[in-house]
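Each chain is listed here by its residues.
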Amino acid sequence: MVFNSFADIFRVIVGGIVIYAFLVLLLRISGKRTLSKMNAFDLIVTVSLGSTAASTILSENVALAEGGTALAILVAMQYLVAWLSVRSQSFRGLVKNEPTLLLRDGNLLSNALRKERVTGEEVRAAIRDAGIAQVENVGAVILETDGTLSVLSNSKGTPTAVTADVGNAAKV
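Worth saying up front: this structure is predicted, and the values here are computed from it rather than measured. The written sequence of each chain sets the order in which its residues are numbered from 1. In keeping with the predicted nature of the model, local features appear solely for residues at pLDDT of at least 70, side-chain atom pairs appear and are counted solely at 80 or more, and the whole-chain, interface and lining totals rest on all residues. As a convention, hydrogens and water are excluded, and side-chain values are obtained from all of the structure's heavy atoms.

Before going further, it helps to examine the overall build of the chain. A run of DSSP states H or I qualifies as a helix once it reaches four residues; a run of E qualifies as a strand once it reaches two. Both are numbered from the N-terminal end. When you go through the chain residue by residue, the secondary structure sums to 6 helices and 4 strands. When the helices and strands of the chain are placed in sequence order, the string is α-α-α-α-β-β-α-α-β-β. Only protein chains enter the accessibility calculation, which uses a 1.4 Å probe. A residue is then buried if its area is under 20% of the maximum for its type, exposed if over 50%, and partly exposed in between. Taking all 172 residues of the chain together, the buried fraction comes to 30%. Pairs of residues are marked as contacts when any of their non-hydrogen atoms sit within 4.5 Å. In the chain, once contacts between residues fewer than 6 apart in sequence are set aside, the share between residues at least 24 apart is 55%.

Shown next as structure tokens:
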């Protein structure tokens, strides 16, 4: 079916505008953390927000008030989890990953690579992206909690304060 009625199109237009404005308002109220680089929990919330917004806009069975309430609950839960993560280390351990050391002093750590399902090629690509031409000039490559790879040069030694929270960091 290509076309039902102008009323259906009008509902989608109005619903889209209302849900969009409401979601922008919720995200502005909840703060920058809601839109920061994502960990696994943030990804789940983002996908859920998109799915809820789409269902609210396109489904005649979901009222705008119901969809708005669902969006507010998702944002509030994300805010609560972030708030608890900042205040409780044990809670943070439940919802956040720990950074992992993948390369130390130019040497790939094969057990860490295997555990995190990262290839040596991906590590070398991150090193090139950091502008370092030789692996021997790298003090550490760390798989961060958001899935990015951080590259630390060993030109002045790997700063232990920066790697204090990284798995295998004691060996750096």
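We now examine the pairing of strand β4 (residues 149-153). Two strands are said to pair when DSSP picks up at least two bridges between them. Two strands pair when backbone bridges link them, and strand β3 (residues 138-143) and β4 are joined in this way by 5 bridges, in the antiparallel orientation. Across the sheet, residue L143 finds its bridge partner in β4, namely L149. The antiparallel hairpin formed by β3 and β4 contains 5 residues in its connecting segment, where G147 sits at a positive phi of about 90°.

A separate point is the pairing of β3. Among the 6 residues in β3, 6 count as buried, and that is most of the element. In terms of strand pairing, strand β1 (residues 100-104) meets β3 through 4 bridges, oriented antiparallel. Note that in β3 the partner of T100 across the bridge is L143.

Only Phe, Tyr and Trp rings are paired, with Trp represented by its six-membered ring, and only when their centres lie within 6.5 Å; those with planes under 30 degrees apart are stacked, over 60 edge-to-face, the remainder tilted. The final tally for this structure, using the stated rule, is 1 aromatic pair. Arranged with centres 5.0 Å apart and planes meeting at 70°, the rings of F3 and F6 form a pair that is edge-to-face. Using a relative accessible area of 67% as the deciding quantity, one classes F6 as exposed.

Trans peptide bonds make up the majority, and among non-glycine residues the majority have a negative phi. The residue D105 is not glycine, and still its phi comes out positive at about 50°. Mapping D105 onto the fold places it in the loop between β1 and β2 (107-108). Phi at R117 is positive, roughly 55°, even though this residue is not glycine. In this structure R117 comes out as exposed when scored by relative accessible area, which is 72%.

Between helix α2 (residues 40-58) and helix α3 (residues 64-87), the shortest axis-to-axis distance is 9 Å and the interhelical angle comes to 170°. One way to sum up the angle between α2 and α3 is to call them roughly antiparallel. Contact residues: α2 offers F41, D42, V45, S48, L49, T52, A53 and T56, while α3 offers L64, G67, A70, L71, L74, V75, M77, Q78 and V81. Looking at the contact of α2 with α3 residue by residue, the classes come out as 11 nonpolar, 5 polar and 1 charged. Note on geometry: axes are lines fitted to C-alpha atoms, helical ones only across the stretch in contact, with angles between N-to-C directions running from 0 to 180 degrees. For this classification, under 35 degrees means roughly parallel, over 145 means roughly antiparallel, 65 to 115 means roughly perpendicular, and everything else is oblique. In this classification, the charged set is Asp, Glu, Lys and Arg, the nonpolar set is Ala, Val, Leu, Ile, Met, Phe, Trp, Tyr, Cys and Pro, and all remaining amino acids, among them Gly, are polar.

Glancing now at α2. Along an α-helix, residues three or four positions apart point the same way, because every turn accommodates 3.6 residues. In this scheme, a helix's expected span is set at 1.5 Å multiplied by one less than its residue total. In a regular helix each residue adds 1.5 Å, so 19 residues correspond to 27 Å; α2 covers 27 Å between its end C-alpha atoms and thus fits that length. Residues D42, V45, L49, T52, A53, T56 and I57 constitute the buried set of α2. Buried residues in α2, looked at end-on, bunch into an arc of 125°, giving them a common side. Within α2, the exposed residues directed more than 90 degrees away from the buried face are I44, V47 and L58. Of the surrounding elements, those touching the buried residues of α2 are α1 (6-30) and α3. The arc in question is the one spanned by the directions pointing from the helix axis to the C-beta atoms.

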